[in-house]
Amino acid sequence: ALVSHTRCLGVCGTSSPSGCGAYGKWCLHLGLRSSELERILLDTTASQETIATRVRASLRRSRQLSAEVRDRLRDVVASEHAERELAQRIVEEKRIRVHDARVFPDLVFALRCIAVHNELLATVRLERQTAFDAEESEHAQCLQALWKHATGEAEAPPRPSAEWSRLGFQ
């Protein structure tokens, strides 16, 4: 890391390789002999959720990935076979030499997190299209459960009432 910081100081005047943009990434890659993706996956201080978010952002920015792989990343589904196959394609296209045995399994796990996120997002988008129907018992039960989990109170107030504004309802 010291080597990459020193080289960056000589070119762009910043002490942070990330402040140098593409040159900073090149300095880190050269100095640490690892890609951005490897550094993200091997970060022992970050949570798995943070790592998955960083992996997704890194892969979206990558100019080394084919359009097909980018599309598969956007549409990846939670399937161990699909995740492993996509991870293998990413490793090949980015020409990552897996130095650490944790890199590939951690990439597969990050892709699984991305897949679950994609599925959850699709479900939320679908559910958002459903209009509330006060006569529908399932809708009333959902509101009751929301009230109980959000406030800790067993019984929800009648709708409409000012008490619902505590949860953001109008």
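Residues numbered from 1 in each chain as written. Predicted model: local features only at pLDDT ≥ 70, side-chain atom pairs only at ≥ 80, totals over all residues. Heavy atoms only, no water.

A.B. asks: Quick one: what's the story with the overall build of the chain, residue by residue and with numbers?
C.D. replies: In terms of regular secondary structure, the chain is built from eight helices and zero strands. Seen in sequence order, the chain has helices and strands lined up from the N terminus as α-α-α-α-α-α-α-α. When burial is assessed residue by residue, the chain has 28% of its 170 residues classed as buried. Considering only residue pairs separated by 6 or more positions, the chain has 41% of its internal contacts joining residues 24 or more positions apart. Accessible surface computed for the chain: about 11,300 Å², of which carbon and sulfur atoms make up 54%. (Helix = DSSP H or I, 4+ residues; strand = E, 2+ residues; numbered from the N terminus. Buried < 20%, exposed > 50% of the residue type's maximum accessible area, 1.4 Å probe, protein only. Contact = heavy atoms within 4.5 Å. Areas by Shrake-Rupley, 256 points an atom, 1.4 Å probe, with all protein chains shown as cover.)

A.B. asks: Pulling in residues and values, what's your account of the side chain of Ser62?
C.D. replies: Inspection of the secondary structure assignment puts Ser62 in the loop between helix H4 (48-61) and helix H5 (67-75). Since its relative accessible area comes to 5%, Ser62 is described here as buried. At 3.0 Å, the side chain of Ser62 forms a polar contact with the side chain of Lys94. The residues touching Ser62, leaving out its near neighbours within four places in the chain, are Arg70 and Lys94. (Polar contact = N/O pair within 3.5 Å; in protein donor to acceptor, adjacent residues only side chain to side chain.)

A.B. asks: Break down the pattern of salt bridges for me, with residues and values.
C.D. replies: One pass over the structure, following the stated rule, counts nine salt bridges. Here Arg54 makes a salt bridge to Asp43, at a shortest N to O gap of 3.1 Å. Here Arg54, found in helix H4, pairs with Asp43, found in the loop between helix H3 (36-41) and H4; they are eleven residues apart in sequence, far enough to count as distant. In this structure, Arg74 engages Asp71 in a salt bridge whose closest nitrogen and oxygen atoms are separated by 3.2 Å. Highlighted residues: Arg74 and Asp71, both in helix H5, separated by three residues, approximately one helical turn. (Salt bridge = Lys/Arg side-chain N within 4 Å of Asp/Glu carboxyl O.)

A.B. asks: How would you summarise the packing of H4 against helix H7 (residues 103-128) if you had to cite specific residues and measurements?
C.D. replies: Contact pair H4 / H7: the axes reach a minimum separation of 9 Å and the direction vectors enclose 85 degrees. Here H4 is positioned roughly perpendicular relative to H7, judged by the angle of their axes. Judged by residue contacts, Gln48, Ala52, Val55, Arg56 and Leu59 of H4 engage Leu107, Phe109, Ala110, Leu111, Cys113, Ile114, His117 and Asn118 from H7. Its residues assigned to classes, the contact of H4 with H7 comprises nine nonpolar, three polar and one charged. (Axes fitted to C-alpha atoms, helices over the stretch in contact; angles between N-to-C directions. Parallel < 35°, antiparallel > 145°, perpendicular 65-115°, else oblique. Nonpolar A, V, L, I, M, F, W, Y, C, P; charged D, E, K, R; others polar.)

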